[in-house]
Amino acid sequence: MANMLTIKNPATGDVINRIHLHSEAEIEAALKRSHDAFAPWASRDAHDRSALIRAWADKVKAHQDEIAELMTRENGKPLKESRGEVTYATNYLDWYAEEAKRIYGKTIPANSPAKRIIVSRQPVGPVAAITPWNFPVAMMARKAAPALAAGCTFVVKLASDTPLSGMRFIDLAYEAGIPRDVIQYVNTSGKVAGELFTKSPYVRKISFTGSTSVGKTLIQNSADTVKHVTMELGGHAPVIVAEDADIDVAVEQTVANKFRNAGQTCVCANRILVHESIADEFIEKISVAVKGLKVGNGLEDGIDVGPIINEAGYDKIKAQVDDAVDKGADVTAGDQYTIDRKKGYFFVQPTVLTGVTLDMTIMHEETFGPVAPIMTFSSLDDAIEIANDTPFGLAAYFFTNDYRTGTYLHDALDYGIIGWNDTGISAAHAPFGGMKESGIGREGAQEGIEPYLETKYMSIGGFD
């Protein structure tokens, strides 16, 4: 059935559902409806938009368990993580429901008593978004909430691996009273969506979370019509564990960050750099902690790590581990696999690699899997050089109890998000985004609504 999309549970390979794939004509019609709905939505009272977004949040909270179970079935992450993601998504709805009422203009003292100068803000226009499979609800909420709060309409292309929870999330927006043409979803391939979104005369802004290579294509294609873009792209996050770090805290925080969603996050630890004087203790403790993680179907009790999303993801992980081992890395935990290519499930036991060197692929390419490569350093400046030696600049973490070391690392690391003795860095009220090839713009916080607004300046004469 060429016009149907089959959604499978990555933990079992079982078919969950088959959904309609939108044709190009249907997608273009959705974009036209978004365009037609823009002016009425933008002209609504900000307090009215705020109330509707708040009502949406309340609907989602009432259906948290339903959405979380659906997410785990299509995504594979443990149910406790899915519940956490739904809560995280509603945080964005709650935050931007309030920000809708705080889109302020200003007056500027004129250079003549005969003039008045006014600066106002208005919504940029219809927005088209493409969201990833790994956080199918939260990443969409992070875009949709500020867009709607600003007065924009919104069309999202949901990830083909995990569209069901996002569809339900948007259905609840309709139940809350948000007009259907104000927020819409489409299901199609990323290539089709990218081409239609970027060439459409109805779309004024593109928002994308995904790979850097795709982001670059979207930026290039958006140039023809000078669309606004927000890009949250790839990462390759370093963790620096300084000589004076609290090792127990560093281990606990690194494990929580590295193996969340089976390591399939853009901000998870990808390169762990540990001072040579504490490396043995750190490696021993993190290896014990990682061996204690339980792998399996995310719907089962006590599961810490779910499956890899698909075969391509598994093959990349296995290739990186094999490359590292072939080049001399030691395995102190993991490097075990439970897979069935025919049924379509792939489990990777959380893995710790030590003796890692810079000639290994894993130190240069994002893994997107539950593998923690550890490399030692003797000089803090060497660790900084290794950490910064990448085209990416999304998230970085370090552990130290010396404020001088912490301040030095903060200033030296070329990353948009920094965690100091903390790897739980995402929050609706904090700006999220990267430097270098990791993106353009920020999502979350006050900064997150700015990309959905235009600035209009008016000079008024005739007061003499």
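Scoring rules and cut-offs
- Starting from 1, residues in each chain are numbered consecutively following that chain's sequence as written.
- Where totals are concerned, whole chains, interfaces and linings use all residues; where local detail is concerned, this predicted model gives features only for residues with pLDDT of at least 70, and gives and counts side-chain atom pairs only at 80 or more.
- Note: side-chain values were computed over all heavy atoms of the structure, leaving out hydrogens and water.
- Paired strands, in this sense, are two strands between which DSSP finds at least two bridges.
- What counts as a helix is a DSSP run of H or I of at least four residues, what counts as a strand is a run of E of at least two, and both are numbered from the N terminus.
- In what follows, a contact means two residues having at least one pair of non-hydrogen atoms within 4.5 Å.
- Axis angles are defined between N-to-C directions and span 0 to 180 degrees, where every axis is a line fitted to C-alpha atoms and, for a helix, only to the segment in contact.
- Paired rings are identified among Phe, Tyr and Trp, the last through its six-membered ring, by centres lying within 6.5 Å, and are further divided according to the angle between planes into stacked (under 30 degrees), edge-to-face (over 60) and tilted (the rest).
- Accessible area is worked out with a 1.4 Å probe on protein chains only. A residue is then buried under 20% of its type maximum, exposed over 50%, and partly exposed in between.
- The span one expects for a helix is its residue count, reduced by one, times 1.5 Å.
- The reported bend at a residue is simply the angle between two axes, fitted to the 7 residues ending at it and to the 7 residues beginning with it.
- Among buried residues, the Ala, Val, Leu, Ile, Met, Phe, Trp, Tyr and Cys ones that are joined through side-chain atoms within 4.5 Å form a nonpolar core.
- The directions from the helix axis to the C-beta atoms form the arc being described.
- Identification of polar contacts relies on pairs of N or O atoms within 3.5 Å, with a donor-acceptor requirement for protein atoms, meaning one able to donate a hydrogen and the other able to accept it, and with residues adjacent in sequence counted only if both atoms are side-chain atoms.
- To count toward a patch, a residue needs a relative accessible area over 30% and no salt bridge; like charges are then connected within 9 Å, while nonpolar side chains (Val, Leu, Ile, Met, Phe, Trp, Tyr) are connected within 5 Å.
- Each accessible area is a Shrake-Rupley estimate made with a 1.4 Å probe; only the visible protein chains count as cover when residues are assessed.
- Salt bridges are counted wherever a side-chain nitrogen of Lys or Arg sits within 4 Å of a carboxyl oxygen of Asp or Glu.
- Positive residues here are Lys and Arg, negative ones are Asp and Glu, while His and the chain termini are left out of the count.
- In plain terms, the charge of a residue is placed at NZ if it is Lys, CZ if Arg, CG if Asp and CD if Glu.
- Under this scheme an angle from 65 to 115 degrees is roughly perpendicular, one under 35 degrees roughly parallel, and one over 145 degrees roughly antiparallel; angles in between are oblique.
- By definition, turning the near helix anticlockwise from the far helix through less than a right angle yields a left-handed crossing, and turning it clockwise yields a right-handed one.

Undergrad: Tell me about the sheet that holds strand S5 (residues 127-130), residues and numbers included.
TA: Judged by pairing direction, the sheet is mixed, and its six strands sit side by side in the order S7-S6-S5-S8-S9-S21 without closing on themselves. The sheet terminates laterally at strand S7 (183-186) and strand S21 (439-440), the two strands that pair on one side only. Where strand S6 (residues 154-157) lies against S7, four bridges are found, and the strand directions are parallel. By the bridge assignment, Val-156 is partnered in S7 with Tyr-185. Most of the contacts of helix H7 (residues 190-199) go to S5, to which it runs at about 160°, and overall it touches S5, S6, S7 and strand S8 (205-209).

Undergrad: With reference to specific residues and values, describe the packing of aromatic side chains.
TA: Enumeration over the complete set of coordinates arrives at seven aromatic pairs. Here the aromatic rings of Phe-398 and Trp-420 are separated by 5.5 Å at their centres, their planes lie at 45°, and the arrangement is tilted. Taken together, the residues span a long stretch of sequence, with Phe-398 in strand S18 (residues 395-399) and Trp-420 in strand S19 (residues 417-420) at a distance of 22 residues. Overall, the relative accessible area of 36% leaves Trp-420 in the partly exposed class.

Undergrad: Hey, could you go over helix H1 (residues 24-42) for me, with residue numbers and the actual values?
TA: In this model H1 runs 27 Å from its N-terminal to its C-terminal C-alpha over 19 residues, within 8% of the 27 Å that 1.5 Å per residue would give. At Asp-36, H1 shows its maximal kink, close to 30°; a proline, Pro-40, follows between one and four residues later. Here H1 has its buried residues at Ile-27, Ala-30, Leu-31, Ser-34, Ala-37, Phe-38 and Trp-41. Where the residues of H1 are buried, they touch helix H2 (46-62), strand S4 (116-123), helix H5 (138-150), S6, S7 and H7.

Undergrad: Quick one: what's the story with the nonpolar core, residue by residue and with numbers?
TA: Counting residues in each nonpolar core, the largest one holds 61 residues, and the members touching the most others are Ile-240, Val-241, Ile-272, Leu-273, Phe-282 and Ile-286. If you look at the next biggest cluster of nonpolar residues, it comprises 58 residues, including Ile-7, Met-71, Ala-89 and Val-137.

Undergrad: Could you give an account of H2, with specific residues and numbers?
TA: Helical geometry note: an α-helix holds 3.6 residues per turn, so side chains three or four residues apart project in the same direction. Here H2 is 17 residues long and its end C-alpha atoms lie 25 Å apart, about the 24 Å a rise of 1.5 Å per residue gives. Those residues of H2 that sit buried are Arg-49, Ser-50, Leu-52, Ile-53, Trp-56, Ala-57 and Val-60. Down the axis of H2, the sector holding all buried residues measures 165°, keeping them to one side. Structural note: H2 exposes His-47 and Ala-62 on the side pointing more than 90 degrees away from its buried face. On its buried side, H2 packs onto H1, helix H3 (64-75), helix H4 (79-99), H5, helix H6 (164-175) and S7. Put simply, Asp-45 is the residue that caps the front of H2, since its side-chain oxygen is 2.7 Å from the backbone nitrogen of His-47.

Undergrad: Requested: an account of a negative patch on the surface, with residues and values cited.
TA: On the surface, Asp-381, Asp-382, Glu-385 and Asp-389 cluster together into a negatively charged patch. Considering the arrangement of structural elements, one finds Asp-389 in the loop between helix H12 (380-388) and strand S17 (392-393).

Undergrad: How would you explain the packing of helix H9 (residues 247-258) against helix H10 (residues 279-291) if you had to name every residue and give the values?
TA: Where H9 contacts H10, the two axes come as close as 10 Å, and the packing angle between them is 40°. What the angle tells us is that H9 and H10 run oblique. Like other packed secondary-structure pairs, H9 and H10 cross with a definite hand, here right-handed. From H9, Ile-247, Asp-248, Ala-250, Val-251, Thr-254 and Val-255 reach across to H10, where they touch Glu-281, Phe-282, Lys-285, Ile-286, Ala-289 and Val-290.

Undergrad: Lay out the environment of Glu-300 with the relevant residues and their values.
TA: Assignment of secondary structure puts Glu-300 in the loop between H10 and helix H11 (311-326). The sequence separation of Glu-300 and Gln-122 amounts to 178 residues, and the corresponding C-alpha distance is 48 Å.

Undergrad: Which residues make up the environment of Asn-9, and what are the values?
TA: Counting through the fold element by element, Asn-9 comes out in the loop between strand S1 (4-8) and strand S2 (15-20). Accessibility expressed as a relative area gives 7% for Asn-9, which makes it buried. Taking the C-alpha atoms as reference, Asn-9 lies 4.9 Å from Glu-74; in sequence the two are 65 residues apart. In terms of polar contacts, Asn-9 uses its side chain to reach the backbone amide nitrogen of Ala-11, at 2.8 Å.

Undergrad: Which residues make up the pattern of salt bridges, and what are the values?
TA: Under the defined criterion, the tally for this structure stands at 27 salt bridges. In this structure, the salt-bridge partner of Arg-168 is Glu-66, at a minimum N-O distance of 2.7 Å. Of this pair, Arg-168 sits in helix H6 while Glu-66 sits in helix H3, and the two are 102 residues apart along the sequence. For Arg-168, a relative accessible area of 17% gives the class buried. Through salt bridges with shared partners, one network takes in Arg-54, Lys-61, Asp-94, Glu-98, Glu-99, Lys-101 and Arg-102.

Keep in mind that these numbers describe shape and distance, not what the molecule does.
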